[in-house]
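An overview of the molecular structure
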Amino acid sequence: MGCVAVFSIITTGFAVYSYVWEFLKNGDWSVKFSFRGAYIAFAAVGLLIIILTCALKIDTSEYFLPRIVIFGITAAAIGGLFAIGNLVNYELGYLKIFLPLVFLILLANLIAVPVVVFKKYASPTEWLVCVTTNPFLMVFVCGLMTLVIWHSCAETGYYAFL
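We now turn to the structure provided with this report.

What follows is about helix H6 (residues 135-148). Given a rise of 1.5 Å per residue, 14 residues ought to cover 20 Å, and the 21 Å separating the end C-alpha atoms of H6 matches this to within 8%. All buried positions along H6 are accounted for by Pro 135, Phe 136, Met 138, Val 139, Phe 140, Cys 142, Gly 143 and Thr 146.

Structurally, the position occupied by Ser 8 is in helix H1 (residues 6-26). When its relative accessible area of 2% is taken as the criterion, Ser 8 is described as buried. For Ser 8, the contacting residues outside a window of four places in its chain are Gly 46, Ile 49, Ile 50 and Thr 133.

This part is about the packing of aromatic side chains. For the structure on display, the rule yields five aromatic pairs. Ring plane angle 55° and centroid distance 6.0 Å describe the contact between Phe 7 and Phe 64, whose orientation is recorded as tilted. Of this pair, Phe 7 sits in helix H1 while Phe 64 sits in helix H3 (residues 64-87); the two residues are 57 residues apart in sequence, bridging distant segments of the chain. Centroid distance Phe 71 to Phe 136: 5.1 Å. Interplanar angle 40°. Geometry classified as tilted. Taken together, the positions of Phe 71 in helix H3 and Phe 136 in helix H6 put the pair 65 residues apart, joining distant regions of the chain. Phe 71 gets classed as partly exposed once you look at its relative accessible area, which sits at 22%.

Thresholds applied
Residues numbered from 1 in each chain as written. Predicted model: local features only at pLDDT ≥ 70, side-chain atom pairs only at ≥ 80, totals over all residues. Heavy atoms only, no water. Helix = DSSP H or I, 4+ residues; strand = E, 2+ residues; numbered from the N terminus. Expected span 1.5 Å × (residues − 1). Buried < 20%, exposed > 50% of the residue type's maximum accessible area, 1.4 Å probe, protein only. Contact = heavy atoms within 4.5 Å. Phe/Tyr/Trp six-rings, centres within 6.5 Å; stacked < 30°, edge-to-face > 60°.

Structure (C-alpha cells):
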C-alpha cells in the first residue's frame, strides 16, 4: 500500500507548494485568480483520493511502474525544454516555441496515463484514482488558467507559479 498513494501525495504536495509559493511572492492568501482556486481543488482531490484509497483499499500498485516511467519521461522532457529555454533568447522563444511544446508534452502525458492504465483492464475505481492523481493534470489545468488570465496578472505585477 506504500507506493499506492505516491501520486496523490505528489499532487497534493505540489498544489500546496504552488499556493504557498504564490503567497510568499505576492503576500496575498486570497483566491484572487481562478488558478489559485484550482490549487485548492487539486489539494482537496489529492487528499480525498488518499482517504478513499485507504478506506476502500483500492490497490493501484500494479500501475505504479508504468506511471512512474511516464512521469519521469514527462519531467525529463519539460526539464530539457527549460534548459534549452535558458540557452536561447528567453523573451522571443518563450511564448512562440517553448510554451506550445510544454503543453504538447503535458497533453501527451494526459493521454498516455489513462491509456496505459486502461490497457491493463483496470476497474473504474482504479482508473479514476490513476487519472485524477496525475500530477501533470494539475500543471496542465493551472497552466491553461494562467494563460487565460495572463494579461491581468501582467498588469498587476502578480507572480504566478505556473
